[in-house]
Amino acid sequence: MKLYNLKDETQIVDFETAVKTGLGRNQGLFFPKEITPLDNIEQLLSMDVHSRNYKILKPFVSSNLNDETLQKIIEKTFAFPAKIKAVNNTEYCLELFHGPTLAFKDFGANFMANCLTSFGSDDKPITILTATSGDTGAAVAHAFHGLKNIQVVILFPQGKISELQQKMFTTLGDNIHTISIEGSFDDCQQLVKQSFDQRDLVNSVGLNSANSINISRLLAQVCYYFDAFSQLPADKRDQVVVSIPSGNFGNLCAGVIAKILGLPIKHFIAATNVNDTVPRYLETGEWSPKETIATISNAMDVSKPNNWPRIEYMMETEQFASSALSGIGVSEEQTEETLQAIYAQGYVSEPHAAVAYHGLHKSLKDGETGIFLGTAHPAKFKSTVEDILDIDLSLPKELAKCVVKEDLSHEFKADFKQLEEFLYNL
Ligand SMILES: *Cc1c(COP(=O)(O)O)cnc(C)c1O
């Protein structure tokens, strides 16, 4: 399938180029011009996960990956499950946190890493440079750890992320290089942008960012919406509302693609914390991002969501009706109360999923079935969850393992020259 630059229709690339370059000219996002629905969704839902994901992904990638390669990539990527858990008779959590770093980002990061190593090497080096305020760093580091010909450099703001989160990516070593920057997350992102502006640097080290605008990350996420339906009782599949805790809107974008492919999702709820640019936009038609505010659902502290233009495109081209989407901004107090309300039903969740549950529970009507996405394991937000619910949480083995390891990160000033030299000398 060909992919178009949404800001410049004359730039048309194949899947491989889109994965390797990330963004197109003028910072445009790559996207298919039109998404072709799949036939026989019932049959698709009755297949095993790997066969189904193969059918879903093949049309998008077949110009660059042959059948056998795609099958191997799928086996390696979807090596951990997405699980539907009932909170009550009508509301289900889609648990996406059973991967190596306990967050849904493991699906996309793994798929991207497996694609990049399968394209057939032209022996050019690849350097992944990414800034993280939490979950992305860990997912990317684990997905790319130990891969040949690929160096990974992760920048994070010194002292601004939890020790638990930090140790999930600073203790790996080998081809994973981590740098704590004396500054804010914005300073880290600025350094990444500056690096991509240096044409010589980009070409000579093969710079790539691996962030959520990469089309490969989105495509992997389309698959778990089908997986969710396949796990619902058959009589509950025709009135399904899906609520998505949103930051950069990659997850919602993947859900909308799943609907266009034919999955009968009735309605989407885009749930954000107080950084509510999209819910306000859906209500007023005005795009007016505000200053980003720090919240307990910190992976969604985004006020300029970078995947929104793709969702907008699917609406403009009438592939997706805007009436099938509503938005809600959820306050900190509501998030805490909701986390307690979920716990009262015997289920331990975390702030991001609680934001989604709040939106779902408020709008679910008789006869509908609700799914909210569980984007991270509660233990990743251990102290917050423990405080709000007044319980003790144990660390899963993935986290317990890295807490005791040595932190291998470098410390840099927010200075481009030092970073540039480091990148050239990897
Ligand atoms: C990244 C992240 C989100 C936001 O997902 P988007 O696809 O960027 O909207 C939500 N919850 C958690 C735990 C995350 O790590």
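Colleague: Would you mind going over the sheet that holds strand β9 (residues 207-208) in detail, with residue names and values included?
Modeller: Read from one edge of the open sheet, five strands run β9-β6-β7-β8-β14, paired in parallel fashion. Strands at the two margins of the open sheet, each flanked by one partner only, are β9 and β14 (410-413). In terms of strand pairing, strand β7 (residues 150-157) meets strand β8 (residues 176-182) through six bridges, oriented parallel. Following the sheet pairing, F156 is matched in β8 by S180.

Colleague: I'd like a rundown of helix α8 (residues 185-197), residues and numbers included.
Modeller: Residues three or four positions apart in an α-helix share a direction because the helix packs 3.6 residues into each turn. Over its 13 residues, α8 runs 19 Å from end to end, which matches the ideal 18 Å to within 8%, given 1.5 Å per residue. Among all positions in α8, only C188, L191, V192 and S195 are buried. Viewed end-on, α8 has its buried residues packed into an arc of 100 degrees, placing them on one side of the element. Opposite the buried face of α8, at more than 90 degrees from it, the exposed residues are D186, K193 and D197. Packing partners of the buried residues in α8 comprise β6 (126-131), β7, β8, α9 (199-205), β9 and α18 (416-424).

Colleague: An account of the site of the ligand is needed here, citing residue identities and associated values.
Modeller: Taken together, 15 residues lie near the ligand, and K105, D135, G247, N248 and F249 sit nearest. Side-chain polar atom of D135 to an oxygen atom of the ligand: 2.6 Å apart, as the coordinates give it. In this structure, an oxygen atom belonging to the ligand sits 2.8 Å away from a main-chain N or O atom of F249. For the ligand, the accessible surface in isolation is 390 Å², of which the surrounding protein chains cover 96%. Tallied by class, the residues present in the shell around the ligand amount to six nonpolar, seven polar and two charged.

Criteria and thresholds
- Residues numbered from 1 in each chain as written.
- Predicted model: local features only at pLDDT ≥ 70, side-chain atom pairs only at ≥ 80, totals over all residues.
- Heavy atoms only, no water.
- Pairing = 2+ DSSP bridges.
- Helix = DSSP H or I, 4+ residues; strand = E, 2+ residues; numbered from the N terminus.
- Expected span 1.5 Å × (residues − 1).
- Buried < 20%, exposed > 50% of the residue type's maximum accessible area, 1.4 Å probe, protein only.
- Arc of directions from axis to C-beta.
- Contact = heavy atoms within 4.5 Å.
- Near = heavy atom within 4 Å.
- Polar contact = N/O pair within 3.5 Å; in protein donor to acceptor, adjacent residues only side chain to side chain.
- Areas by Shrake-Rupley, 256 points an atom, 1.4 Å probe, with all protein chains shown as cover.
- Nonpolar A, V, L, I, M, F, W, Y, C, P; charged D, E, K, R; others polar.

Everything listed is a geometric property; what it means functionally is a separate question.
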